[in-house]
Amino acid sequence: MTSATAVSGIRFDGAAVRLGDADVLAPISLDLDARTVAVVGDNGSGKSTVARLVAGLIRPTAGTVRVLGCDTVRDAAALRRRTAIVFSNPDAQIVMPTVAEDVAFSLRSDRSPRSERAARVERALQRFGLEGQRDHPAHELSGGQKQLLALCGAFVRDPELVVADEPTAFLDGRNAARVAEHLFDGTGHRLLLVTHDLDLARRCQVAVHIEAGRVVGTGPAAGVVADYESTWRR
Ligand SMILES: Nc1ncnc2c1ncn2[C@@H]1O[C@H](COP(=O)(O)OP(=O)(O)OP(=O)(O)O)[C@@H](O)[C@H]1O
Ligand SMILES: [Mg+2]
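Keep in mind it's a predicted model, so treat the numbers as computed, not measured.

S.K.: Got a minute to help me understand the packing of helix α6 (residues 143–155) against helix α7 (residues 173–184) in this structure?
M.R.: Each pair of packed helices can be summarised by the angle the axes make with each other and by the distance between the axes. Taken N-terminus to C-terminus, the directions of α6 and α7 make an angle of 10°; their axes are 10 Å apart at the nearest point. By the angle class used here, α6 and α7 are roughly parallel. Only Asn175, Arg178, Val179, His182 and Leu183 of α7 make contact with α6, whose side of the interface consists of Gly144, Gln147, Leu148, Leu151 and Phe155. When its residues are assigned to classes, the contact of α6 with α7 shows 5 nonpolar, 4 polar and 1 charged.

S.K.: What am I meant to see in helix α2 (residues 47–55) here?
M.R.: Owing to its 3.6 residues per turn, the α-helix brings residues three or four apart onto one side. Among the 9 residues in α2, 7 count as buried, and that is most of the element. Turning to α2, its buried residues number three or more, namely Lys47, Thr49, Val50, Ala51, Leu53, Val54 and Ala55. Once α2 finishes, Gly56 follows within two positions and takes phi at roughly 75°, a positive value.

S.K.: Sorry, what's going on with the sheet that holds strand β8 (residues 190–194) here?
M.R.: Two modes of strand pairing occur in sheets, parallel and antiparallel, and in both the strands are linked by backbone hydrogen bonds. Judged by pairing direction, the sheet is mixed, and its 6 strands sit side by side in the order β6-β7-β8-β3-β9-β10 without closing on themselves. Across the chains shown, the open sheet's two edge strands, defined by having one partner strand only, are β6 (83–86) and β10 (214–220). Averaged over neighbouring strand pairs, the angle between their axes works out to 15° when direction is ignored. Here strand β7 (residues 161–165) pairs with β8 via 5 bridges, running parallel. Bridge assignment links Leu161 to a residue of β8, and that residue is Arg190. Packed on one face of the sheet, α7 meets β3 (36–40), β7 and β8 and runs near 140° to β8.

S.K.: Would you mind showing me how to read the site of ligand 1 here?
M.R.: Looking at ligand 1, the residues that line it are Leu19, Val24, Asp42, Asn43, Gly44, Ser45, Gly46, Lys47, Ser48, Thr49, Glu166 and His196. Here an oxygen atom of ligand 1 and a side-chain polar atom of Lys47 are 2.7 Å apart. Protein chains bury 58% of the 650 Å² of accessible surface belonging to ligand 1 in isolation. Considering every element that reaches the shell around ligand 1, the biggest residue donor is α2, with 3 residues. The residue makeup of the shell around ligand 1, split by class, is 2 nonpolar, 7 polar and 3 charged.

S.K.: What should I look at first to understand the packing of aromatic side chains in this one?
M.R.: How two aromatic rings sit relative to each other is set out by the distance from centre to centre and by the angle between their planes. Scanning the model with the defined rule gives 2 aromatic pairs in all. With centroids separated by 5.8 Å and ring planes inclined at 40°, the aromatic side chains of Phe128 and Phe155 adopt a geometry described as tilted. One end of the pair, Phe128, is in the loop between α5 (114–127) and α6; the other, Phe155, is in helix α6, and 27 residues separate them in sequence. Taking NZ or CZ as reference, Arg203 lies 4.6 Å from the ring centre of Phe184, over its face.

S.K.: What exactly am I supposed to notice about the environment of Glu131 here?
M.R.: Residue placement: Glu131 occurs in the loop between α5 and α6. Separated by 94 residues in sequence, Glu131 and Val225 place their C-alpha atoms 37 Å apart. For Glu131, the residues in contact, after removing those within four places along its chain, are Glu122, Leu125 and Gln126.

S.K.: Would you mind going over the side chain of Arg120 with me for this structure?
M.R.: Within the secondary structure, Arg120 sits in helix α5. Residue Arg120 is classed as buried on the basis of its relative accessible area, which comes to 15%. Of note is the side chain of Arg120, whose polar atom sits 3.0 Å from the side chain of Asp110. Once residues lying within four places of it in the same chain are set aside, the contact partners of Arg120 are Leu107, Asp110, Ser112, Val156, Arg157 and Asp158.

About the cut-offs
Here the residue numbers are simple positions, counted from 1 along each chain's written sequence. Just so you know, chain letters begin at A and ligand numbers begin at 1, following the order they were written in. In view of the model being predicted, local features appear only for residues whose pLDDT reaches at least 70, and side-chain atom pairs are presented and counted only at 80 or more, with totals across whole chains, interfaces and linings using the full set of residues. Excluding hydrogens and water, the side-chain figures rest on all heavy atoms present in the structure. Axes here refer to lines fitted to C-alpha atoms; in helices the fit is confined to the stretch in contact. Angles between the N-to-C directions go from 0 to 180 degrees. Elements are defined by DSSP. Helices are runs of H or I of four residues or more, strands are runs of E of two residues or more, and each kind is numbered from the N terminus. What sets the label is the angle itself: under 35 degrees gives roughly parallel, over 145 gives roughly antiparallel, 65 to 115 gives roughly perpendicular, and the rest give oblique. It only takes one pair of heavy atoms within 4.5 Å for two residues to be counted as in contact. Under the scheme applied, nonpolar residues are Ala, Val, Leu, Ile, Met, Phe, Trp, Tyr, Cys and Pro; charged residues are Asp, Glu, Lys and Arg; polar residues are all the others, including Gly. Three labels apply to residues, based on accessible area from a 1.4 Å probe with only protein chains included: buried if under 20% of the type maximum, exposed if over 50%, partly exposed otherwise in between. Between any two strands, pairing holds if DSSP finds at least two bridges. Definition of nearness: a residue and a molecule or strand are near each other if at least one heavy atom of the residue lies within 4 Å of the molecule or strand. Under this definition, polar contacts are N or O atom pairs within 3.5 Å; protein pairs additionally need one hydrogen-donor-capable and one acceptor-capable atom, and for neighbouring residues in sequence, both atoms have to be side-chain atoms. In short, Shrake-Rupley with a 1.4 Å probe defines the accessible areas, and a residue's cover is counted only from the protein chains shown. Here the aromatic set is Phe, Tyr and Trp, taking the six-membered ring for Trp, and pairing holds for ring centres within 6.5 Å; pairs whose planes are under 30 degrees apart are stacked, those over 60 apart are edge-to-face, and all others are tilted. Counting as a charge over the ring demands two things of the Lys NZ or Arg CZ atom: a distance within 6 Å of the ring centre and an angle within 35 degrees of the ring normal.

Following this line, the structure appears as structure tokens:
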């Protein structure tokens, strides 16, 4: 039988991060089972560190982090298969010469037949409005198109969890809205969204407010975001 922990979204048990001689995250204990979770807080508060822990990109220096029932250290390979990560800078996320090759690269460890993988790439290109750019050099896309390409590469794998660290930071309003629609579409994935766009944060079910490496608020996003805003608007 599957235990409650095995299906839970994100669980921190005394997880801390020390980098060099800096305590970047104090021990954090959190159990987040909402489908969409925002992480808000000032620059340097530790949000990206939380995202990296959840995605298994860094290890906690104390405690444990469990995501989708996987320990992010012990079950790192399984977690990598089930999650996708999107960052702010679309240039840093392009690895192949053309748009279609870049999306196909995300399926490099997928064992399904070649024709099936090609069909998935095609469906993903259409979903993200990139089918007309299929054979274009990826580096010649606009910033907004590059970020859609990054999302396309993330979503083509049908991830159970998308970890997005300021995915709209470099985008104009129109492209930010398009990216947000994909992040929030109801196709079943969970979302951990680090963002300074508080309207976007409010669209999540739950928010976590980090200040100086500590969790100072967690709960329904509207309330947590309002409390965060009140820290500089009072
Ligand atoms: N390798 C490192 N060694 C020491 N301190 C680090 C290291 N990497 C990050 N930090 C510190 O950890 C803290 C948290 O960084 P983090 O990138 O998680 O913040 P953030 O909330 O994502 O900020 P921003 O909103 O600016 O992206 C910062 O004070 C940063 O200077
Ligand atoms: Mg950051």
